[in-house]
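# Understanding the architecture of this molecule
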Amino acid sequence: MIHARIATAAPEMRRPAARPDTRRRELTPSAATERRPAAADDLAVVDLTDAPDWDARLADVPGANLYAARPWGTYKGRLNWSVRRVAVRDGQGRDLAFVQYQVRRVGFARFVLAQGCPVLTEAGAARAEATLSAFRDHLALRPFDLLGVNFHEFQHNEAVPALLALGFVPVVSARHHTLELDLTRDIETIEAGLDSKWRRNLAKAKRNPDLETLILTDPDARLAAFDTFAGMYAALQARKGFSNTLNPQAYRDIAACDPRLVILELRENGTPIMVRIAHRAAERWTDFFAASNERARATNAAALSVWTLIEQAKAEGCPVYDLGGIDPAGNRGVFDFKRGVSRRAVQSTPLWLHGRNRLVRSTAAALLAQR
């Protein structure tokens, strides 16, 4: 067993609680404005876009995740999305759901996207259909507008029949598949279950005295590591010719300060050769991004970096490590590497699409399914 050294040059960044407290915080009157949807007379949609305690309130809910948090909204705002944050409340003032949604205009139409949400509270799960209906009605969609809900694996089971009842259609493409590793077993069993070649490469990396793994907590060190990652990532894109929606320049300062991101730097004789970033949540860690140079390949750094994060997720009590998606047809090498860790292939949560005009909705769904 090998553990990453957690750098503590500055006070450690606050981690999201492994088992969130469900206490409710009171909202100051100045932080909210209300609009009552006609479809649910006892529910209200409360605008919390400027509420300073959004992340604190969100952290109280077990399904909280990076995509629903303010830092991700700040990032998407830099990419020219209009970002709003709302809560759905019942007549007793209880929070039923938290939604951070993004709006982009395309001609005379709007595309509204909710990532990682709606995050349903326990009370909201019991009234999922009414809660999601209130959010949908709040948007006042026009005939050519589209609403997309992408839970990014943080989909509450009660949300599925609610979305179907409200006329959302699931859009599934080849991209909507991933590999999951069960972390509820002991770490020795998990390691024994690795592919034999993968396990040998990991053993070589563990024995290499020149390699060091660090999980960075100091914001300045994280910022420097992210810049290292961005340079390596750009070189990787140029070499392999792939595209990605990540904008490193717009995300760098956000990533450095967001405790939901785990930034691991792997060094050879003190020189960074690989940076791997994971999304930390109570119920799932997800391999987010990674970039490296040629020395990383020569030293089996990829195996060591993944295994270090698996150990850390296990140590923090997380039950699932998501290897971050697979593309066997388009990127066989990465798929084979990930399959060395787990062969448990699962379909990711789909993009749920809704529109008042069925033809517009069906056409968009067909196009998105081919991506």
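Up top you'll find the structure we're talking about.
Residues numbered from 1 in each chain as written. Predicted model: local features only at pLDDT ≥ 70, side-chain atom pairs only at ≥ 80, totals over all residues. Heavy atoms only, no water.

### A short note on the side chain of Thr121
Topologically, Thr121 is positioned in the loop between β7 (119–120) and α3 (122–126). At 3.1 Å, the side chain of Thr121 forms a polar contact with the backbone nitrogen of Gly124. (Helix = DSSP H or I, 4+ residues; strand = E, 2+ residues; numbered from the N terminus. Polar contact = N/O pair within 3.5 Å; in protein donor to acceptor, adjacent residues only side chain to side chain.)

### A short note on the environment of Gly116
Relative to the helices and strands, Gly116 resides in the loop between β6 (109–115) and β7. Among the residues examined, Gly116 registers a relative accessible area of 0% and is labelled buried. Separated by 38 residues in the primary sequence, Gly116 and Phe154 place their C-alpha atoms 6.1 Å from one another. Apart from residues lying up to four places away in sequence, Gly116 is in contact with Asn65, Tyr67, Ala68, Asn150, Phe151 and His152. (Buried < 20%, exposed > 50% of the residue type's maximum accessible area, 1.4 Å probe, protein only. Contact = heavy atoms within 4.5 Å.)

### Description of the nonpolar core
Leu58, Val88, Tyr101, Phe135 and Leu147 are the most contacted members of the largest nonpolar core, which totals 41 residues. The greatest single-element share of this core, amounting to six residues, is contributed by strand β5 (residues 95–106). Sequence-distant contacts of Leu58, that is, excluding residues within four places in its chain, are made with Ala64, Asn65, Ala68, Ala69, Phe98 and Val119. (Core = buried A, V, L, I, M, F, W, Y, C linked by side-chain atoms within 4.5 Å.)

### Quick notes on the packing of aromatic side chains
Two descriptors summarise a pair of aromatic rings, namely the distance from one centre to the other and the angle between the planes of the rings. Scanning all chains against the criterion turns up 17 aromatic pairs. Look at Trp54 and Phe98: their rings are 5.6 Å apart centre to centre, the planes differ by 90 degrees, and that puts the pair in the edge-to-face class. In this pair, Trp54 sits in helix α1 (residues 54–59) while Phe98 sits in strand β5, placing the two residues 44 residues apart along the sequence. Just as Trp54 is buried, Phe98 falls in that class too. Between Tyr67 and Phe288, the ring centres sit 6.3 Å apart and the planes meet at 70 degrees, which makes this aromatic pair edge-to-face. With Tyr67 in the loop between α1 and α2 (70–78) and Phe288 in strand β14 (residues 285–292), this pair connects stretches of sequence that are 221 residues apart. The exposure classification of Tyr67 matches that of Phe288, with both residues buried. Through a chain of ring-to-ring contacts, the aromatic side chains of Tyr67, Trp72, Tyr75, Phe226, Phe229, Tyr233, Tyr251, Phe288 and Phe289 assemble into a single cluster. (Phe/Tyr/Trp six-rings, centres within 6.5 Å; stacked < 30°, edge-to-face > 60°.)

### Some thoughts on the packing of α2 against helix α9 (residues 248–257)
In contact at an axis separation of 9 Å, α2 and α9 are set at 160 degrees when each is read in the N-to-C sense. One element, α2, and the other, α9, form an angle in the roughly antiparallel class. As α2 packs across α9, the resulting crossing turns out to be right-handed. Touching Pro71, Trp72, Thr74, Tyr75 and Arg78 of α2 are Ala250, Tyr251, Asp253 and Ile254, all from α9. (Axes fitted to C-alpha atoms, helices over the stretch in contact; angles between N-to-C directions. Parallel < 35°, antiparallel > 145°, perpendicular 65-115°, else oblique. Left-handed = near helix turned anticlockwise from the far one by under 90°.)

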